[in-house]
2 protein chains.
Amino acid sequence: MSTNASAVNQSIARTTAATRFVTLRGDYGTGDFVMHRGGVLKEVVVAYESWGALSSNHDNVVLVFGGLSPSAHACSSNEDPSNGWWEYMIGPGKPIDTDRFYVICVNSLGSCFGSTNPSSINPETNEVYGLDFPDLSIEDIAKSAHHALMDLGIDHLHAVVGSSMGGMSSLAYALMYPDEVDHLVTISAATRALPFTIAVRSLQREIIRCDPGFKKGRYNPQEEPTCGMVLARKLGLMSYRAAEEWHQRFNRARVPPERKSNERFGIEFEVESYLDYNARKFVKTFDANSYIYLSRAMDLFDVAEHGGSVNAGLAKIQTKTTLVIGVETDILFPVQQQQEIADGISRSGRSVEFVQMNSINGHDSFLVDEEHFSPVMRKYFESTLA
Amino acid sequence: MSTNASAVNQSIARTTAATRFVTLRGDYGTGDFVMHRGGVLKEVVVAYESWGALSSNHDNVVLVFGGLSPSAHACSSNEDPSNGWWEYMIGPGKPIDTDRFYVICVNSLGSCFGSTNPSSINPETNEVYGLDFPDLSIEDIAKSAHHALMDLGIDHLHAVVGSSMGGMSSLAYALMYPDEVDHLVTISAATRALPFTIAVRSLQREIIRCDPGFKKGRYNPQEEPTCGMVLARKLGLMSYRAAEEWHQRFNRARVPPERKSNERFGIEFEVESYLDYNARKFVKTFDANSYIYLSRAMDLFDVAEHGGSVNAGLAKIQTKTTLVIGVETDILFPVQQQQEIADGISRSGRSVEFVQMNSINGHDSFLVDEEHFSPVMRKYFESTLA
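### With respect to the overall build of chain A
For chain A, the helix and strand inventory stands at twelve helices and 14 strands. Radius of gyration (C-alpha) of chain A: 20 Å, near the 21 Å computed for a compact globule of 386 residues. For chain A, the spread of C-alpha atoms along the principal axes amounts to about 65 × 50 × 45 Å. Expressed as a percentage of its 386 residues, the buried residues of chain A come to 58%.

Written as structure tokens, this is what we have:
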């Protein structure tokens, strides 16, 4: 393993002292990383963070895949004491207990937080990939994580855990490397995207592509298509939460005069202000091309491609136990899709626990609803050690 | 009543031989139309179509308010034989039977299909209003329809019927003119917008406003901000239908190669193609400023402004009977909001029938689900004659 300055220079600004990097040896040690839907990447870097200690026989590894938005910083550490995106879930004495497990969170291939992505330099041309980056698949994200672990000397996982897009990645991992995964947790994931969800993501991408600043993906990194990204993220935020949560939280509250926009048809309701604040915060950290590639990867993912049908694909999973969690208020990855995952894996005789949460926070519940998620995850991870 | 060429010239291109126009006498015959939230319009024109014959004592009038998108062409006629937006509902022998009723559908004030709207000429400046058009309220739409009817010699309604935004307009009408309405039908309406719905509409408006072609509402009518309008309409279409309908209709079907876009990240799934086709079709007929004004009017509408609370506002309604219809798959005007309307009106002792439809077509069900809506509406209108 090594770091490669040229390949990571674009996205390294988005990493911290806690981020580590593996430059993959590539498929069969060739240095080439063959993409699932065609094309080859060279000198692929995977960024990751880890917590806890690797046991001497390497039998306590928990791999965590995040959603579209976050970096590998799932949890704070000495090197980066800021809160991670799953701070309540990972750490000493927490549900995924780093006193027992060695937890690795990878930054997905294609994401702009340190792993090779469309804003990386193509070592063959010495130019930024932009839209010349090959089509990205969830399978590529799973494979890059697998290669990174192999290069780190880890060839077996106690568990793979993933939420949202990460839930798709964890499904792909368990499908593609069935002998190497003991336990699987998928949260608000999907075996394949449904048309409503495809429509939401397609519109987000089109909004970004229509921003004149996008320039067919050849924007200057200092002049990103901010307007399109803000609009796309607002649509994302709307799909990540639930109407009833906002009803309770904002109802029809108006912003006070000092925060009201002077612009005609500008911000007037608190819900508009909330969306604007959070979208602008996100856009400062995220790259437009990464957004588009990861978004499309989710549309294209289809477990049915692994065996001819969703159930044939899920039947490849060989885990000892699986935990599937769905949320009733999730409109993006509806709870019926979680039921489908649970049913499909249990059909082949595997032990599956399906938990249907009545969280009010929609698709994002796993990020914020510690009260419901903590005890379920704690109990499950304890059971995997029994 | 008269037509006024200067005030209608911009939007008359969007009308047909069946469209008629009333230039309102204005408040107290002054010619001024005072807007609900401030500002005054002069020489206000209301476009409408009508079907059936007015009875000698003017007791068979049914007023129909449409949603944001349609014109007054709810139904075909000799003058305009093309199908109207509610063709299955209105006509001889149909649920709203023009053999019995004189049906008038008005084009909402602010809409671009013939009524005074932001693309009209301000007679005081001889320039297009643009964003100088005053804030538009649902109450203004109701009042302009009321003034138009008065000017046509109609001072009492057998029924007011409205769906979506038109349902809000019909509620406002029944609230504001309680002595003049015998029967009321609201379909997929709301007493006030909830924050999720405000967020959807706010984002649509912002997408349009961010289109460089929008030019703060001063675009050339021949160079509308088409890109922003297409994107906003796609978001609208997504909120008007239901995920399960698209699942059954499109699932993950791909467009055939000959219809596939060559552009990177262009159209690949049938659901994307469907949205693109329908959004582009709509945008050819609709004006961006009208869209923004009508959209904001829905956010601002709040029955609670009429008496201090939603129930106090609804208690003003004095109809003999009311029919409230909601659809279980409607995510924009959820069925709970229909229940609220029914409960609020019946609380003051009025006769209210509440019908919860299990249509699969979401908010748009009233437009397309003839099978469920026809019998309910037919039975109700027959009951009003009993």
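### A closer look at the domain arrangement of chain A
Residue and element names in this part refer to chain A. Looking at the assigned domains, one finds that chain A contains domain 1 (5-192 + 307-383) and domain 2 (197-294). The centre of domain 1, based on its C-alpha atoms, is set 25 Å off from the matching centre of domain 2. Contact with domain 1, which involves 24 residues of that partner, is made by 20 residues of domain 2. The residue inventory of the side of domain 1 that touches domain 2, partitioned by class, reads ten nonpolar, twelve polar and two charged.

### Side note on the interface of chain A and chain B
In this assembly, 36 residues from chain A lie in contact with 36 residues from chain B. Contributions of two or more residues to the side of chain A that touches chain B are made by α4 (195-210), α5 (226-240), α6 (243-249), α7 (270-283) and α8 (288-300) of chain A. Residue contributions to the side of chain A that touches chain B peak at twelve residues, all from α4(A). The class makeup of the residues in the side of chain A that touches chain B is 23 nonpolar, three polar and ten charged.

### Some remarks on the environment of Ala312(B)
All names here are of chain B. With respect to the element layout, Ala312 can be found in helix α9 (residues 310-314). Of the residues examined, Ala312 has 14 C-beta atoms within 10 Å and is grouped as partly exposed. Sequence-wise, Ala312 and Asn122 are 190 residues apart; in three dimensions their C-alpha atoms are separated by 37 Å.

### Notes on the relation of the copies chain A and chain B
For the pair chain A and chain B, the relating rotation is 180°, the translation along its axis is 0.0 Å, and the fit reaches an RMSD of 0.0 Å. Between the two chains, the operation in question is that of a two-fold axis. A share of 100% of the interface residues of chain A reappears at the interface of chain B, consistent with the copies meeting face to face through the same patch.

### Quick word on the packing of α4(A) against helix α7 (residues 270-283) of chain B
Viewed as axis vectors pointing N to C, α4(A) and α7(B) meet at an angle of 60°, and their least axial separation amounts to 9 Å. With respect to α7(B), the axis of α4(A) lies oblique. Pair α4(A) / α7(B) crosses with right-handed handedness. In this structure, α4(A) uses Pro195(A), Ile198(A), Ala199(A) and Ser202(A) to contact α7(B), whose residues at the interface are Val271(B), Glu272(B) and Leu275(B). Taken together, the residues of the contact of α4(A) with α7(B) break down into five nonpolar, one polar and one charged.

### Examining the packing of α5(A) against α7(A)
All names here are of chain A. With their axes 8 Å apart at the nearest point, α5 and α7 run at an angle of 120° to one another. As summarised for this structure, α5 and α7 are arranged oblique, according to the angle between their axes. As α5 packs across α7, the resulting crossing turns out to be right-handed. Counted together, Thr226, Met229, Val230, Arg233, Lys234 and Leu237 of α5 and Leu275, Asn278, Ala279, Arg280, Phe282 and Val283 of α7 form the full contact between these two elements. Residues that form the contact of α5 with α7 fall into these classes: seven nonpolar, two polar and three charged.

### Let's talk about the nonpolar core
Counting 244 residues, the largest nonpolar core has Val46(A) and Val46(B) as the members making the most contacts within it. Among all residues touching Val46(A), those that are not within four sequence positions of it are Val22(A), Leu24(A), Val106(A), Leu109(A), Ser115(A), Ser144(A), Ala145(A) and Ala148(A).

Cut-off values and rules
Residues numbered from 1 in each chain as written. Chains lettered and ligands numbered in written order. Predicted model: local features only at pLDDT ≥ 70, side-chain atom pairs only at ≥ 80, totals over all residues. Helix = DSSP H or I, 4+ residues; strand = E, 2+ residues; numbered from the N terminus. Rg over C-alpha atoms; globule rule 2.2 N^0.38 Å. Buried ≥ 20, exposed ≤ 12 C-beta atoms within 10 Å, placed from the backbone. Domains from an automatic or database assignment. Contact = placed C-beta atoms within 7 Å. Nonpolar A, V, L, I, M, F, W, Y, C, P; charged D, E, K, R; others polar. Least-squares fit on C-alpha atoms with pLDDT ≥ 70 in both. Axes fitted to C-alpha atoms, helices over the stretch in contact; angles between N-to-C directions. Parallel < 35°, antiparallel > 145°, perpendicular 65-115°, else oblique. Left-handed = near helix turned anticlockwise from the far one by under 90°. Core = buried A, V, L, I, M, F, W, Y, C linked by C-beta atoms within 7 Å.

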